[in-house]
Amino acid sequence: MEHGTTLTQFIIEEQRQVPGATGDFTSLLNDTLTACKKIACAVNRGGLIGILGSADTENVQGETQKKLDVISNDVMVDALEWTGHLAGMASEEMDDPLPIPAEYPKGKYLMLFDPLDGSSNIDVNVSVGTIFSILRAPEGCDNPTVEDFLQPGTQQVCAGYAIYGPATMLVLTTGHGVNGFTLDRSIGEFILSHPNMTIPEETGEFAINMSNQRFWEAPVKRYVDECIAGSEGPRGRDFNMRWIASMVAEVHRILTRGGVFMYPIDEKIKAKGQDGKLRLMYEANPMGFIVEQAGGAASTGRERIMEIQPNGLHQRVPVVLGSKNEVERVEEYHREADGKQAVA
Ligand SMILES: O=P(O)(O)OC[C@H]1O[C@](O)(COP(=O)(O)O)[C@@H](O)[C@@H]1O
């Protein structure tokens, strides 16, 4: 595809390779693009129209919502509920699945999304984003239950994210590689700018919230200590560290120049009775699909994320993703530690 290709043209030409494609999926993606453009506009003008700061409401995660969390969620719902392509949708900001109102036709897809990822960065003007995952709805399903959404990541039809940074970009996969599109505000179109994004297997860059170090499990402590020990240590080479606190921005950096991103389980998270920080259905699964399609790997440290059978809409999981060799090394350290624990 030559540069200058719009995302709509890209998807239409890709769908022509899909036997029996009806155009539904292409339209659903177009509706999602429109929502992301509207969110980009709101994020961009946030300080001018008084929508920065907290909404003083809590979401199902027990987190205080930002005004833009709520606004972005409403934008996604308004852009998607009337289109006739969805049977239902679910979001980080909504406790339960949202059925399609009776006055609108129902469709054959389910959409899960994190309307604004990296919320802690909104007010400080650091990159944030929207993450989405598209699944097929069970045949003839008009009113999807939670169970209908609980499909492993391997069942995703499409996964993508919009990143609202110096440039607004949209990166997605439909299972045929990963492509990045930049919003050309002069024409209001996403244009192919990063064809066939791939993650190098080797990297010298890791990302983790170091302030949680004292709570980490032994395999993560060992991996990070060895990176920090650099050329004098067992890895025999130096590593750089990054932490933006927006998963979208971390994954985008890794798709652009490699790296490994970790939000492992730790004693602090366990003490809250949780299984991780990040959510499986609308953070780990879509990012796992994108990373794997770009030649990387996505794991909990102990298993492939995309093979997890979900047990809840807002289920949390540990996340280790990025350059394949590093993810496999972290998994190896978990096997060794668990093995030692199993023997002990
Ligand atoms: O606050 P911490 O521990 O640095 O965690 C940052 C992580 O939490 C998140 O902000 C969670 O996502 P939300 O902002 O959608 O709740 C990730 O984007 C990011 O990687």
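Residues numbered from 1 in each chain as written. Predicted model: local features only at pLDDT ≥ 70, side-chain atom pairs only at ≥ 80, totals over all residues. Heavy atoms only, no water.

Section: the state of the cysteines
Phase 1 of the analysis: For the structure on display, the rule yields 0 disulfides.
Phase 2 of the analysis: The thiol sulfur of Cys41 is not disulfide-bonded, and the nearest other cysteine sulfur, from Cys36, lies at 13 Å.
Phase 3 of the analysis: Under the relative-accessibility criterion, Cys41 is labelled partly exposed at 38%. (Disulfide = S-S within 2.5 Å. Buried < 20%, exposed > 50% of the residue type's maximum accessible area, 1.4 Å probe, protein only.)

Some remarks on the UniProt feature "binding site: Mg(2+) 1" (unreviewed entry) in the protein chain
Phase 1 of the analysis: Here the UniProt-annotated "binding site: Mg(2+) 1" (unreviewed entry) positions come out as Glu92, Asp114 and Leu116. Taken along the chain, the residues just named run across 25 residues; in space they keep tight, none of their C-alpha pairs more than 8.9 Å apart.
Phase 2 of the analysis: Within the secondary structure layout, Asp114 lies in strand β5 (residues 109-117).
Phase 3 of the analysis: Setting aside its immediate chain neighbours within four residues, Asp114 contacts Glu92, Gly129, Thr130, Ile131, Tyr282 and Glu283.
Phase 4 of the analysis: One can find Leu116 in strand β5.
Phase 5 of the analysis: Owing to a relative accessible area of 1%, Leu116 belongs among the buried residues under this scheme. (UniProt positions renumbered as here; feature names shortened; annotations may be inferred. Helix = DSSP H or I, 4+ residues; strand = E, 2+ residues; numbered from the N terminus. Contact = heavy atoms within 4.5 Å.)

What to know about the environment of Ala42
Phase 1 of the analysis: If you trace the backbone, Ala42 turns up in helix α2 (residues 24-45).
Phase 2 of the analysis: For Ala42, a relative accessible area of 14% translates into the label buried.
Phase 3 of the analysis: Setting aside chain neighbours within four positions, we find Ala42 in contact with Ile51 and Leu68.

Side note on the site of the ligand
Phase 1 of the analysis: The ligand sits among 18 residues. The nearest are Asp114, Asp117, Gly118, Met247 and Tyr263.
Phase 2 of the analysis: Taking Glu92, its side chain carries an N or O atom lying 3.0 Å from an oxygen atom of the ligand.
Phase 3 of the analysis: Contact between the ligand and Tyr263: an oxygen atom at 2.5 Å from a side-chain N or O atom of the residue.
Phase 4 of the analysis: Burial of the ligand by the surrounding chains reaches 87%, relative to a free accessible area of 470 Å².
Phase 5 of the analysis: Only β5, β13 (260-263) and β14 (278-279) provide two or more residues apiece to the shell around the ligand.
Phase 6 of the analysis: No other element matches β5, which puts 3 residues into the shell around the ligand.
Phase 7 of the analysis: Class assignment of the residues belonging to the shell around the ligand gives a composition of 7 nonpolar, 4 polar and 7 charged.
Phase 8 of the analysis: Two domains each put at least three residues into the shell around the ligand: domain 1 (7-194) and domain 2 (205-343). (Near = heavy atom within 4 Å. Polar contact = N/O pair within 3.5 Å; in protein donor to acceptor, adjacent residues only side chain to side chain. Areas by Shrake-Rupley, 256 points an atom, 1.4 Å probe, with all protein chains shown as cover. Nonpolar A, V, L, I, M, F, W, Y, C, P; charged D, E, K, R; others polar. Domains from an automatic or database assignment.)

Points about the side chain of Ser91
Phase 1 of the analysis: Counting through the fold element by element, Ser91 comes out in strand β3 (residues 86-91).
Phase 2 of the analysis: Residue Ser91 is classed as buried on the basis of its relative accessible area, which comes to 1%.
Phase 3 of the analysis: A distance of 2.6 Å separates polar atoms of two side chains, one belonging to Ser91 and the other to Asn73.
Phase 4 of the analysis: Not counting chain neighbours up to four residues away, the residues in contact with Ser91 comprise Asn73, Phe113, Pro115, Tyr282 and His314.

Description of the pairing of β13
Phase 1 of the analysis: Alternating residues of β13 divide into Val260 and Met262 and Phe261 and Tyr263, and every residue in both groups is buried.
Phase 2 of the analysis: Where β13 meets strand β17 (residues 319-322), 4 bridges bridge the pair, whose relative direction is antiparallel. Across the sheet, the residue bridging to Val260 is Gly322, located in β17. (Pairing = 2+ DSSP bridges.)

Here's the deal with the sheet that holds strand β11 (residues 205-207)
Pairing between the strands of a sheet comes from backbone hydrogen bonds, and it takes one of two forms, parallel or antiparallel.
Phase 1 of the analysis: Read across the open sheet, the 5 strands follow the order β12-β11-β13-β17-β15; overall the sheet is mixed. Edge positions in the open sheet fall to β12 (240-242) and β15 (297-299), since each of these has one partner strand only. Strand-to-strand twist of the sheet, defined as the mean angle between neighbouring strand axes without regard to direction, takes the value 15°. (Axes fitted to C-alpha atoms, helices over the stretch in contact; angles between N-to-C directions.)

Focus on the nonpolar core
Phase 1 of the analysis: With 46 residues, the main nonpolar core has Tyr161, Leu255, Phe261, Met287, Val319 and Leu321 as its most contacted residues.
Phase 2 of the analysis: Counting residues per element, this core draws most heavily on helix α8 (residues 280-293), at 8 residues.
Phase 3 of the analysis: Both domain 1 (7-194) and domain 2 (205-343) contribute no fewer than three residues apiece to this core.
Phase 4 of the analysis: The contact partners of Tyr161, leaving out residues within four places of it in the chain, are Thr130, Ile131, Phe132, Met169, Leu170, Val171, Val248, Val251, His252, Leu255, Met287 and Ile290.
Phase 5 of the analysis: In terms of nonpolar packing, the next biggest core, distinct from the first, is built from 41 residues, Ile39, Ala79, Cys158 and Phe190 among them. (Core = buried A, V, L, I, M, F, W, Y, C linked by side-chain atoms within 4.5 Å.)

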